[in-house]
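The chain contents come next:
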Amino acid sequence: MALKVYGVIMVDGQGPPKLAPGLTLMPMRELAAVTEEGDFGMREVDEQEIARHAEVVGAMFGQDAILPTPVGTVFRSPEVLKRWLELHYVSLSDALAWVEGRQAARVHVTRAQVRNGEREAGSDLADIGAEATRSLRRHAVAMVPLRNEQVTGIV
């Protein structure tokens, strides 16, 4: 039986988390993988699967810290998943300790309406994005700029 994995959580004796129907926990010491039965094989991930993944991860995040897996992560069998959890136990535990009490955010600055030929007028957006970055950086533990503004080169 293949298992689709949504993420890894810490189960530290505060009682089991509330799980949506069809989900189960695969425990390994103080860690547990949030799983459900899945198909093992190569296939494209569709919007429905992405929405389900976001729903499950969001529900778990509302209860406690979770390390989400990439959408569509499937293990061939429970034994393979348990071996993976055992092999990466220390790294997963450390990562959960690091994300505990933290949140992630992604900020996009875009123009509401773009008229033809105004591509070069992106410097005002770049300035707004740079100011938002400076403001958020003061409160962030980590920050990763994803791309630069094409015209001005400002993040």
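None of these values were measured; they are calculated from a predicted model. Each chain carries its own residue numbering, running from 1 in the direction its sequence is written. For a predicted model such as this one, the threshold for reporting local features is a pLDDT of at least 70, and the threshold for listing and counting side-chain atom pairs is 80 or more; totals across whole chains, interfaces and linings nevertheless cover every residue. Water and hydrogen atoms play no part in the side-chain values, which are based on all heavy atoms of the structure.

1. Some points on the overall build of the protein
Put simply, the test is: Put simply, DSSP H or I for four residues or longer makes a helix, DSSP E for two residues or longer makes a strand, and each gets a number counted from the N terminus. Here a residue-residue contact requires only that any non-hydrogen atoms of the pair lie within 4.5 Å. Each accessible area is a Shrake-Rupley estimate made with a 1.4 Å probe; only the visible protein chains count as cover when residues are assessed.
Each helix and strand in the protein was counted, giving four helices and five strands. Ordered by position from N to C terminus, the α and β elements of the protein give β-β-β-α-β-β-α-α-α. Sequence separation of at least 24 residues holds for 68% of the intrachain contacts in the protein that already meet a minimum separation of 6. When the accessible area of the protein is evaluated, it comes to approximately 11000 Å², of which 54% is carbon and sulfur surface.

2. Some details on unusual backbone geometry
Phi at Arg29 is positive, roughly 55°, even though this residue is not glycine. Within the fold, Arg29 resides in the loop between β2 (24-28) and β3 (31-37).

3. Some remarks on the environment of Lys82
Inspection of the secondary structure assignment puts Lys82 in helix α2 (residues 78-87). For the pair Lys82 and Ala33, spaced 49 residues apart in sequence, the C-alpha separation works out to 8.9 Å. Not counting residues up to four positions away in its chain, the partners in contact with Lys82 are Met26 and Met28.

4. Focus on helix α3 (residues 89-99)
Inclusion rule: For the exposure calls, accessible area comes from a 1.4 Å probe over protein chains only, and a residue counts as buried if that area is under 20% of its type's maximum, exposed if over 50%, partly exposed in between. The arc under discussion is defined with respect to the helix axis, by the directions toward the C-beta atoms.
Of the residues making up α3, those classed as buried are Tyr89, Leu92, Ser93 and Leu96. Projected onto a plane normal to the axis of α3, the buried residues spread over an arc of 100° and lie on a single side. Away from its buried face by more than 90 degrees, α3 exposes Val90, Ser91 and Asp94. The inward-facing, buried residues of α3 abut β1 (3-10), β2, β3, β4 (66-68) and α2. At the exit of α3 stands Gly101, carrying a positive phi of roughly 80°.

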